[in-house]
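# Survey of secondary and tertiary structure
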Amino acid sequence: MTKNDFHISLEFYIGSGKWRCTDIGTRVIVAIKLDRDDPSWYAGPPYAVVEDVFDEFDMGGCSLDPDEFF
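Model, not experiment: these values are computed from the prediction.

Turning our attention to the pairing of strand 1 (residues 11–14). Relative to strand 2 (residues 17–24), strand 1 is paired through four bridges, and the arrangement is antiparallel. Bridge pairing links I14 to G17 in strand 2. The turn linking strand 1 back onto strand 2 is made up of two residues.

Printed below as a string of structure tokens:
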């Protein structure tokens, strides 16, 4: 995927699981990992879980298709 494929609240997958885009910068996106059972952890911002930054190298490993990883 490229930066233009992302939008805020888009859910996508990488090898470590399911993620949700929370912000889009000039050259990066920010996302939270969706690995908690309690949905209140994902109410935000601010979020109760860590937001991670994905640069252009990380975005290439992202997919909308979970079958690519699981």
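Secondary-structure assignment places S63 in the segment after helix 1 (56–59). On the basis of relative accessible area, S63 is assigned to the buried category, the value being 5%. Within the structure, the side chain of S63 is placed 2.9 Å from the backbone nitrogen of D65, a separation counted as a polar contact. Discounting residues that sit within four places of it in the chain, S63 has contacts with M1, F12, Y13, E68 and F69.

Another point: the pattern of salt bridges. A complete count under the given rule lists three salt bridges for this structure. Residue E11 is joined to K18 by a salt bridge in which the shortest nitrogen-to-oxygen separation is 3.1 Å. Since its relative accessible area comes to 30%, E11 is described here as partly exposed. On the basis of relative accessibility, which here comes to 30%, the residue K18 falls in the partly exposed class. One network of salt bridges, in which partners are shared, links E11, K18 and R20.

Right, let's talk about the environment of S16 for a bit. Here S16 is to be found in the loop between strand 1 and strand 2. The exposure class assigned to S16 is partly exposed, which follows from its relative accessible area of 40%. Distance in space between the C-alpha atoms of S16 and K33 is 8.7 Å, their sequence separation being 17 residues. One polar contact links S16 to W19, side chain to side chain, over a distance of 3.4 Å.

Grouped together as the largest cluster of nonpolar side chains are eleven residues: F6, L10, F12, I14, W19, C21, I29, A31, F54, M59 and C62. Of all the secondary-structure elements, those providing two or more residues to this core are strand 1, strand 2 and strand 3 (29–33). If you look at the next biggest cluster of nonpolar residues, it comprises five residues, including I32, L34, Y42 and V49.

Rules and cut-offs
Residues numbered from 1 in each chain as written. Predicted model: local features only at pLDDT ≥ 70, side-chain atom pairs only at ≥ 80, totals over all residues. Heavy atoms only, no water. Pairing = 2+ DSSP bridges. Helix = DSSP H or I, 4+ residues; strand = E, 2+ residues; numbered from the N terminus. Buried < 20%, exposed > 50% of the residue type's maximum accessible area, 1.4 Å probe, protein only. Polar contact = N/O pair within 3.5 Å; in protein donor to acceptor, adjacent residues only side chain to side chain. Contact = heavy atoms within 4.5 Å. Salt bridge = Lys/Arg side-chain N within 4 Å of Asp/Glu carboxyl O. Core = buried A, V, L, I, M, F, W, Y, C linked by side-chain atoms within 4.5 Å.

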